[in-house]
Structures are given as structure tokens and as C-alpha cells.
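# Remarks on the overall topology
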Amino acid sequence: MFLLDKPYVSAFLRDTALRLGLPVLDGPVARAALGAAPCLTGEAAFAAALRGGPARRVYANSENALGWVARSLGFSALPEQVRLFKDKLAFRELLRPLYPGYGFRGVPLGGLDAVNPADFSKPFIVKPATGFFSLGVHKVEADADWPGVVAAIRAEAGRIAGQYPEQVLGLDTFLIEENIPGEEFAVDVYWDSRGRPVILNILAHLFPDEASVNDRVYVTSRAVVEPNLERFTRALADLGRLAGLHDFPAHVELRVARDGSIGFIEGNPLRFAGWCVADLTWHAWGVNPYEAYLLDRKPDWDALLARRGDTVTSVIIADLAPGVDPGAVGGVDYAAFCARFARPLELRRIDWREYPVFAFLFAEHAPDALGELDAILRSDLTEFLLPAPQ
């Protein structure tokens, strides 16, 4: 069963929903994507299908739908499970048995000025307690940085308020927490009917430097999946046990330290990677993640890894740099953007006037040609923006 909402329903997801014919909650976004498809289902019938009969699985492409889950599915465990993931303070409390010494604190937006940064070991992270897409996330390296970080948070709050519903991005409360060291990964996973985690993809999150927190480039490959599959499955089994999860999908971010220890960053409920990044699983592995979850299919990772080779598959999220006025952008040189990569697979154009992103690009790379990803990580991407006519 599907909950489809803004900001983006990819053609791949749309075609999957139409082919499977499973109920899709009727609404303006779903209707715009699917037309008058017979799978469109009214709210009462959709909820009744979940209430009645055997356990039904729900997939939400966007956290915009979480408000409806909270309002309409109180008879199920879903609203509480969603809350445990979406509220980052609640998520930290949930994980306390696994990380009893981990330090964190919730602070209202109006109380950030009163925080003494000397109370926290450096570096530390500050981010919205209800967040999305690395919006409002900052790493604090030194006490002297704190006033500038608070000023930046206030400016961002004014700029991005209203772009997403409160269930997706809330700017009233912030989480201050220890920095989790190590290499960052993201996992698209579902817990099956017995609560066992099934990993559908593992992505390495690339950064231009240690201070960066942006969401620009994710990659997957045999070198990413093979060494992490078993240990991430064990860690996700612990998370699922604490939260009581079954028949539940999530996008989970974590870090692996040099000693091999795993620290959870956050979990995003009822969905895989946001916008259309989940489609990377299809481009890289030939696995349809939505179909796998909804039809209870498990990737044959031994076979997938054996025939993979060393190719790296990426998704590049082409965001507008801070300070770029969307109204001053008249267009994008998409041909030049694609030409920066030797083997582009698929370009998806985004309206930068509505959201601060102008494209998603899927690409393949030889393992000795990853310099093109490093270059795009370090670019502000303004070279691809065309000025609006005066």
C-alpha cells in the first residue's frame, strides 16, 4: 500500500505502483501522478484495509504523509513507531540501552543563545529535533564558533520555514549531540513479519571534508556493501528489537568508526532514501526496493555481489548553494552538468523555484575515475546556473 506525496514522485515509483496495483491513498499528488488509476483508494477504505485482515505493509515516499498516519492509523502501532524515528530526541532515548554513555540534549530554538558550548566535547552536532535533508544541521568545532552557528540557524529557520510540513521539518526544538566519528553510510531496510531486517541497499555518504554535513553525493558498490552487510544487519536487528518493528521500512543513517564500532545517526520512518534517491537501488543492483518490501522479497546478495564487478553507482543531488536567490536563476545548463560525468545514467530535473534543488543525476563510475565526484562535491554548482533575464 502506498502513500504518495510531495516533494517528488519519480516515474519509476509511479510505474511500480501502477504495475503492482496495490491500494494508493487518493489525494492530489497521487492523482496527479497516477491519473484515474483504479488503485486509488479513499481514506476510509485505505484505513479499513489496514485495520481488517492480515498485516498490510505501507510505504510512504515522503514524510509529508506522516501527519495522515498519525491522524488516521491510531489503531495500529505505526504512529508510535514513526514517532520514535522522527523525533530525534525520542530516537536517542530509544537507543540509550545500546549507547548508555552517549551525550545529547534538547534545546528550544529560543534557548540556543543561552547554551554554553564549553559544556560539550568538540566537535558536536546541532540539528532540528524533527529534521530532513540536512536542513539546519551544523557541526561545531570550537566554542568560538557557537555564536555564528546560532545566527546561521536563525537565518536558515526564516528561509526554509514553510517548505515542508511540521511533521517533516520542525524548527522549534534542536538536538545537540556528540559527534559520531567514522565513515557515514545510509541503509534502506525493512523489517519482515518476524522482525528480521532485510537490507535492500547500502550507500556511502561522501563529503568534501570533515566539517561538511551536506547531502550532495551518495554511492553504492560491491566495496560499500560487501564488508558492511552482516554487521549492519546485526545492528539493525538490535534497533528493530528496541522499537518492536515488523513489516516496517526505514532509511537509517549510521557511522562506522576505525575500530569497527557502529553508531546510529538517525532513522527515517516508512520510507527509503528521500526524494528519489531510493531508485539508486534499481540503477545499481537491478532490485526494485518498493516491490521488494511490499511483496516481501529479499535480495540474493551473494549473487548480486558475485556478478557486480568494481563499478561504482552514484546519485548526485544538485542543490542551490546557500545565498543563491532562486528568483535570480533563469535556467540550468543541464547539458553541461551531465557532461561533467563520463557515464551519466539518468537525469531528473527539479523546479529550483519550489525547492532548493535543480536536479538528481544517477551515474556510473570506474573505480579509478572517482575524481569527478570529488570535483562536484567541492563545487558550489553556480557554474551551471543561468541568470534570469533583467
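Residues numbered from 1 in each chain as written. Predicted model: local features only at pLDDT ≥ 70, side-chain atom pairs only at ≥ 80, totals over all residues. Heavy atoms only, no water.

### Comments concerning the overall build of the protein
Helix and strand counts for the protein stand at 14 helices and 18 strands. Seen through its C-alpha atoms, the protein measures out along the principal axes to roughly 60 × 50 × 45 Å. Out of the 390 residues belonging to the protein, those deemed buried represent 55%. Summarising the internal contacts of the protein: among those between residues at least 6 apart in sequence, 67% fall at separations of at least 24. In the structure as shown, the protein presents an accessible area of about 16200 Å², 52% of it carried by carbon and sulfur atoms. Of note, the protein has its 39 positive side-chain charges centred 5 Å away from the centre of its 50 negative side-chain charges. (Helix = DSSP H or I, 4+ residues; strand = E, 2+ residues; numbered from the N terminus. Buried < 20%, exposed > 50% of the residue type's maximum accessible area, 1.4 Å probe, protein only. Contact = heavy atoms within 4.5 Å. Areas by Shrake-Rupley, 256 points an atom, 1.4 Å probe, with all protein chains shown as cover. Lys, Arg positive; Asp, Glu negative; His and termini not counted. Charge placed at Lys NZ, Arg CZ, Asp CG, Glu CD.)

### A few points about unusual backbone geometry
Look at the link from Lys 6 to Pro 7: it is a cis peptide, with omega at 15°. Within the secondary structure, Pro 7 is located in the loop between strand E1 (2-3) and helix H1 (11-20). With a phi angle near 60°, Asp 296 is a residue other than glycine that sits in the positive phi range. Summarising the element assignment, Asp 296 is placed in the loop between helix H11 (289-294) and helix H12 (301-306). Here Asp 296 falls in the partly exposed class, since its relative accessible area comes to 36%. Although it is not a glycine, Leu 381 sits at a positive phi angle of roughly 65°. By relative accessible area, Leu 381 is classed as buried at 1%.

### Section: the packing of helix H6 (residues 88-95) against helix H9 (residues 229-243)
The relative placement of two packed helices comes down to the angle between their axes together with the axis-to-axis distance. Packing of H6 against H9 leaves a shortest axis separation of 10 Å and a crossing angle of 105°. In this view, H6 runs roughly perpendicular relative to H9, as classed from their interaxial angle. Along its contact with H6, which presents Phe 91, Leu 94 and Leu 95, the element H9 presents Leu 239, Leu 242 and Ala 243. Within the contact of H6 with H9, the residues separate by chemical class into six nonpolar, no polar and no charged. (Axes fitted to C-alpha atoms, helices over the stretch in contact; angles between N-to-C directions. Parallel < 35°, antiparallel > 145°, perpendicular 65-115°, else oblique. Nonpolar A, V, L, I, M, F, W, Y, C, P; charged D, E, K, R; others polar.)

### Comments concerning helix H3 (residues 43-51)
Of the positions making up H3, those classed as buried are Phe 46, Ala 47 and Leu 50. The arc enclosing the buried residues of H3, seen along the axis, measures out at 95°, which places them on a common side. Those residues of H3 that are exposed and aimed more than 90 degrees away from the buried face are Ala 44 and Arg 51. Each element contacted by the buried residues of H3 is listed here: E1, strand E2 (24-25), strand E3 (40-41) and helix H4 (66-72). (Arc of directions from axis to C-beta.)

### A short note on the pattern of salt bridges
Side chains that carry opposite charge are capable of pairing whenever their charged atoms lie near each other. Scanning the model with the defined rule gives 28 salt bridges in all. Between Glu 266 and Lys 127 there is a salt bridge; the shortest N-O distance is 3.5 Å. Of the two residues, Glu 266 sits in strand E13 (residues 262-269) while Lys 127 sits in strand E6 (residues 124-130), which places them 139 residues apart along the sequence. When the shortest N-O distance is used, the salt bridge between Glu 383 and Arg 340 registers 2.8 Å. Of the two residues, Glu 383 is situated in the loop between helix H14 (371-378) and strand E18 (385-387) and Arg 340 in the loop between helix H13 (334-339) and strand E16 (343-349); the sequence distance between them amounts to 43 residues. According to the relative accessible area criterion, Glu 383 is partly exposed, its value standing at 49%. (Salt bridge = Lys/Arg side-chain N within 4 Å of Asp/Glu carboxyl O.)

### A closer look at the nonpolar core
Core analysis: the biggest nonpolar cluster contains 112 residues, and Phe 2, Trp 191, Leu 239, Phe 337 and Phe 358 have the highest contact counts within it. For this core, the element with the highest residue contribution is strand E17 (residues 357-365), accounting for seven residues. With residues up to four places along the chain from it excluded, the contact list for Phe 337 reads Ile 316, Ala 318, Leu 347, Phe 358, Ala 359, Leu 361, Ile 376 and Phe 384. Counting residues in each nonpolar core, the second largest holds 14 residues, with Phe 120, Phe 124, Val 140 and Val 150 among its members. (Core = buried A, V, L, I, M, F, W, Y, C linked by side-chain atoms within 4.5 Å.)

### Structural notes on the state of the cysteines
What we call a disulfide is simply a covalent bond connecting the sulfur atoms of a pair of cysteines. Summed over all chains, the structure comprises zero disulfides. Cys 338 provides the cysteine sulfur closest to Cys 276, a residue in no disulfide bond, and the two sulfurs are 13 Å apart. For Cys 276, a relative accessible area of 0% corresponds to the buried category. (Disulfide = S-S within 2.5 Å.)

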